[in-house]
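Below are the chains, spelled out letter by letter.
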Amino acid sequence: MTRPAPTMVNPDPTPEEERELEAMYTTMAEENMIPLWTQLDELMPQVPASAAVAHQWQWSTLLPLAERAGDLVPVGRGGERRAIALANPGLGGAPFATPTLWAAIQYLGGHEVAPEHRHSQNAFRFVVEGEGVWTVVNGDPVRMSRGDFLLTPGWNFHGHHNETDQPMAWIDGLDIPFVHYADTSFFEFGIDRVTDESTPDISRSERLWGHPGLRPLSGLSNTVSSPIGAYRWEHTDRALTEQLRLEDEGFPATVGQGHAAIRYVNPTTGGDVMPTIRAEFHRLRAGTTTPVTRRVGSEVMQVFEGSGRILVDDRVFDVVTGDLVVMPSWSAVSIETETGLDLFAFNDRPIIETLNFARTHVEGEQQ
Ligand code: GTQ
Ligand code: FE2
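Our subject in this report is the structure included herewith. (Residues numbered from 1 in each chain as written. Chains lettered and ligands numbered in written order. Predicted model: local features only at pLDDT ≥ 70, side-chain atom pairs only at ≥ 80, totals over all residues. Heavy atoms only, no water.)

Along the chain, the regular secondary structure elements total 7 helices and 22 strands. When the 367 residues of the chain are sorted by exposure, 46% land in the buried category. For the chain, the share of sequence-separated contacts (at least 6 apart) that also reach a separation of at least 24 residues comes to 74%. Counting only carbon and sulfur atoms, one obtains 55% of the accessible surface of the chain, whose full area is about 19,000 Å². Side-chain charges in the chain split into 27 positive and 51 negative, and the spacing between the mean points of these groups amounts to 7 Å. (Helix = DSSP H or I, 4+ residues; strand = E, 2+ residues; numbered from the N terminus. Buried < 20%, exposed > 50% of the residue type's maximum accessible area, 1.4 Å probe, protein only. Contact = heavy atoms within 4.5 Å. Areas by Shrake-Rupley, 256 points an atom, 1.4 Å probe, with all protein chains shown as cover. Lys, Arg positive; Asp, Glu negative; His and termini not counted. Charge placed at Lys NZ, Arg CZ, Asp CG, Glu CD.)

Next comes the structure, spelled out in C-alpha cells:
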C-alpha cells in the first residue's frame, strides 16, 4: 500500500499563485503555524517509523569504559550515580536507548556509596555478573547477585553501597525518556549515605512476599508496583528449567518449541512489576529459532548466558554474555542460537497496552 500523492498541493500554480503560496507559508512559519499536509508522512506514518534504530552494545566495550569511569570519576552527591547510558544512534545524541526507555551500565567500586534519593521515574537493576552491592530501597537492604532482578518503583528513596573490596557493575532500566517527554519528573535528595548499612541475605520485602502463591493478609490492598524488591535467580532458573523439562515430557509448557520464558509480575495484581516497564526472561534451547515478530513499543535485551544471533529488520547482531541489543517499535525481530541462549528483556508494553495501542504481527501467521 503506497500513499496517494497529496491532492492538497496545487500541481500547476500560476506565477501569481506561486507568490501568494510562498507568502502564505512564510507567514504561517512566522506565526508558529504548520500545515498538516506538509507533514503527514512523518506525523502519521502507516506503521510505526521510529527514529530510533536497532543497535548492539558489547559488554566487552561497556565494562572497561565503566571501569575507567570508576578510576576517574568519584561517585557522590550531585552527580548521584556512576551510570553510563546507552544512547540510541537514531535519537540525536539524547542519552536514551529508545523513545521511552533508559538503559545504563552502573559501576560502584569497593566500599563506595551512591547516596539516597528518590524520583518519579521507575527503575530496576539486573545483574549479569558480580556481587557485593546492596541497594537500599525505602529503608530495606536488598542484596544484588548474579541473575537477580531488583525493583526500585517510583518515589521510593534508594541508595547503593558496596560492602566488598571489589567493584561491581550492573544494568539499570528506567522510564527516564517517557517521563522526560511527558514532563512528569520529580526528584528529591535523601541522606548522603544509605539509611541501613546492614547486609542481610534476603530483604524484608522478600520475607513478606517471596512465597509462591501465598499472600500476607497484612497486604491485601493491591499496589501499582510490585512489593517484591528482588526476583532471585534461583527462582527464575528453576521456572525455566521446569518449563523445558515439561516440554521434554510432552506437556505444553513453553511459548514455542525449545523456548521457555517467564514474566516478572506484581503479585498483588498478576500484572507487570511497574506501570511503565515490563520485564521477562527467555531461555532458548540449542538449535532454536523464534518466529519473526513485530510489536508496538520498544525493547532492550541483555544476554545473560550463552550466545546467539539477534536479527532486527536488516541487521544481524552476534551476541554473547553481557551484550545488549535495542529494538525499535514495530521492527521485525527473530532470535536464533546454536549453543543455547539465556536472555533478559525489558520493554514499554505496559504503557502501550494501557493506552490500547498494542499490536503484534507474527510472520507467516494468519492475522
Ligand atoms: O541508581 O538511582 O541509571 O537514579 C539512572 C538514574 C540509575 C539510580 C540510573 C538513577 C539511577
Ligand atoms: Fe535513582
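The rest of the description comes next.
Attention now moves to the pattern of salt bridges. Following the criterion strictly, the structure yields 24 salt bridges and no others. One salt bridge in this structure joins Arg77 and Asp192, with 3.1 Å as the shortest N-O distance. With Arg77 in the loop between α3 (59–72) and β2 (83–85) and Asp192 in the loop between β11 (187–189) and α5 (204–209), this pair connects stretches of sequence that are 115 residues apart. The partner of Glu234 in a salt bridge is Arg238, with the nearest N and O atoms 3.4 Å apart. Here Glu234 pairs with Arg238, and both are found in helix α6 (residues 233–248), just 4 residues apart, close to one helical turn. On the basis of relative accessibility, which here comes to 48%, the residue Glu234 falls in the partly exposed class. The network of salt bridges with shared partners includes Asp272, Arg278, Arg349 and Glu353. (Salt bridge = Lys/Arg side-chain N within 4 Å of Asp/Glu carboxyl O.)

Looking now at the sheet that holds strand β9 (residues 158–162). What the 5 strands build is an open sheet, ordered β7-β6-β9-β4-β11; its pairing is antiparallel. Whereas interior strands pair on both sides, the edge strands pair on one side only; in this sheet they are β7 (140–145) and β11. Neighbour-to-neighbour, the strand axes of the sheet open up by a mean angle of 25°, direction not taken into account. Summarising the sheet, strand β4 (residues 113–119) and β11 pair through 3 bridges and their orientation is antiparallel. (Pairing = 2+ DSSP bridges. Axes fitted to C-alpha atoms, helices over the stretch in contact; angles between N-to-C directions.)

Around ligand 1 there are 13 residues in total, and Arg81, Trp102, His158, His160 and Asp172 lie nearest to it. Interatomic distance of 2.9 Å between a side-chain N/O atom of Trp102 and an oxygen atom of ligand 1. At a separation of 3.0 Å, an oxygen atom of ligand 1 approaches a polar side-chain atom of Gln106. Starting from 290 Å² of accessible surface for ligand 1 in isolation, the protein chains cover 91%. Among the secondary structure elements, those contributing two or more residues to the shell around ligand 1 are β3 (102–108), β4, β9 and β10 (168–174). Of all the elements, β3 adds the most residues to the shell around ligand 1, at 3 residues. (Near = heavy atom within 4 Å. Polar contact = N/O pair within 3.5 Å; in protein donor to acceptor, adjacent residues only side chain to side chain.)

Here the focus is the coordination of the iron ion (ligand 2). Protein-derived coordination of the iron ion (ligand 2) comes from His117 (NE2), His119 (NE2) and His158 (NE2), at a distance range of 2.1 Å. Judged by relative accessible area, His119 falls into the buried class, the value being 6%. Accessibility expressed as a relative area gives 2% for His158, which makes it buried. (Donors = N, O, S within 2.8 Å, 3.2 Å for Na, K, Ca; no water.)

Before going further, it helps to examine α3. For α3, spanning 14 residues, the distance from its first C-alpha to its last is 20 Å, which sits close to the expected 20 Å at 1.5 Å a residue. Buried within α3 we find Trp59, Leu62, Leu63, Ala66 and Ala69. Burial along α3 is one-sided: seen end-on, the buried residues are contained in an arc of 120°. In this structure, α3 carries Ser60, Arg68, Asp71 and Leu72 as exposed residues pointing more than 90 degrees from its buried face. Residues of α3 that are buried make contact with β1 (55–57), β2, β3, β10, β17 (299–312) and β19 (324–327). (Expected span 1.5 Å × (residues − 1). Arc of directions from axis to C-beta.)

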